[in-house]
Amino acid sequence: VQLVESGGGLVQPGGSLRLSCAASGFTFSSYGMSWYRQAPGKERELVAGISSGVGRINYAESVKGRFTISRDNAKNTVYLQMNSLKPEDTAVYYCNAKFMLRYDYWGQGTQVTVSS
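Here the structure is a predicted model, which is why all the values come from computation and not from measurement. (Residues numbered from 1 in each chain as written. Predicted model: local features only at pLDDT ≥ 70, side-chain atom pairs only at ≥ 80, totals over all residues. Heavy atoms only, no water.)

K.L.:
Account for the state of the cysteines, with residues named and values stated.
P.N.:
Applying the stated criterion to the full structure yields 1 disulfide. The partner cysteine of Cys-21 in its disulfide is Cys-95, sulfur to sulfur 2.1 Å. Its S-S torsion of approximately -80° makes the covalent link between Cys-21 and Cys-95 left-handed. With Cys-21 in strand β3 (residues 17-24) and Cys-95 in strand β9 (residues 91-99), this pair connects stretches of sequence that are 74 residues apart. (Disulfide = S-S within 2.5 Å. Helix = DSSP H or I, 4+ residues; strand = E, 2+ residues; numbered from the N terminus.)

K.L.:
Can you explain the sheet that holds β3? Please cite residues and give values.
P.N.:
The strands making up a sheet associate through backbone hydrogen bonding, with each pair oriented either parallel or antiparallel. Spatial strand order, β1-β3-β8-β7: 4 strands in an open sheet with antiparallel pairing. The open sheet is flanked by β1 (2-6) and β7 (67-72), the only strands paired with a single partner. Each strand axis lies, on average, 15° off the axis of its neighbour in the sheet, ignoring direction. The pairing of β1 with β3 spans 5 bridges and is antiparallel. Bridge pairing links Leu-3 to Ala-23 in β3. (Pairing = 2+ DSSP bridges. Axes fitted to C-alpha atoms, helices over the stretch in contact; angles between N-to-C directions.)

K.L.:
Help me get a handle on the packing of aromatic side chains, residues and values and all.
P.N.:
As enumerated under the stated definition, the model contains 7 aromatic pairs in all. Both rings, one in Tyr-31 and one in Tyr-105, keep their centres 5.9 Å apart while their planes meet at 20°; by these two values the pair is stacked. With Tyr-31 in the loop between β3 and β4 (32-38) and Tyr-105 in strand β10 (residues 103-106), this residue pair connects regions lying 74 residues apart in the sequence. Grouping aromatic residues by their ring pairs yields a cluster made of Phe-26, Phe-28, Tyr-31, Phe-99, Tyr-103 and Tyr-105. (Phe/Tyr/Trp six-rings, centres within 6.5 Å; stacked < 30°, edge-to-face > 60°.)

All we've got here are geometric facts, nothing functional implied.
Listed below in structure tokens is the structure:
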């Protein structure tokens, strides 16, 4: 099983980034996919999630209206489009895959830094 995040980097406040998470080694379409983040000195928090099947979506209040999660089951990839980025969005962003509360996989993380 592999989850490989990409797309992180340094961006100015107000800018945009698109994170990607390429999955392999499991039946991607059957898994709920999520993005989490962890800032220095803080606990890891859920940013956005998208279910399998109908693709039900949820967001943290702090990113609603600015971030968009999507998935492409044909490419085994989940995305996080991040717009209007703020310094407080600075964190390591992790991709997560879950199935039936039993299978729980994590990527290695990608750094997002929002700074002028």
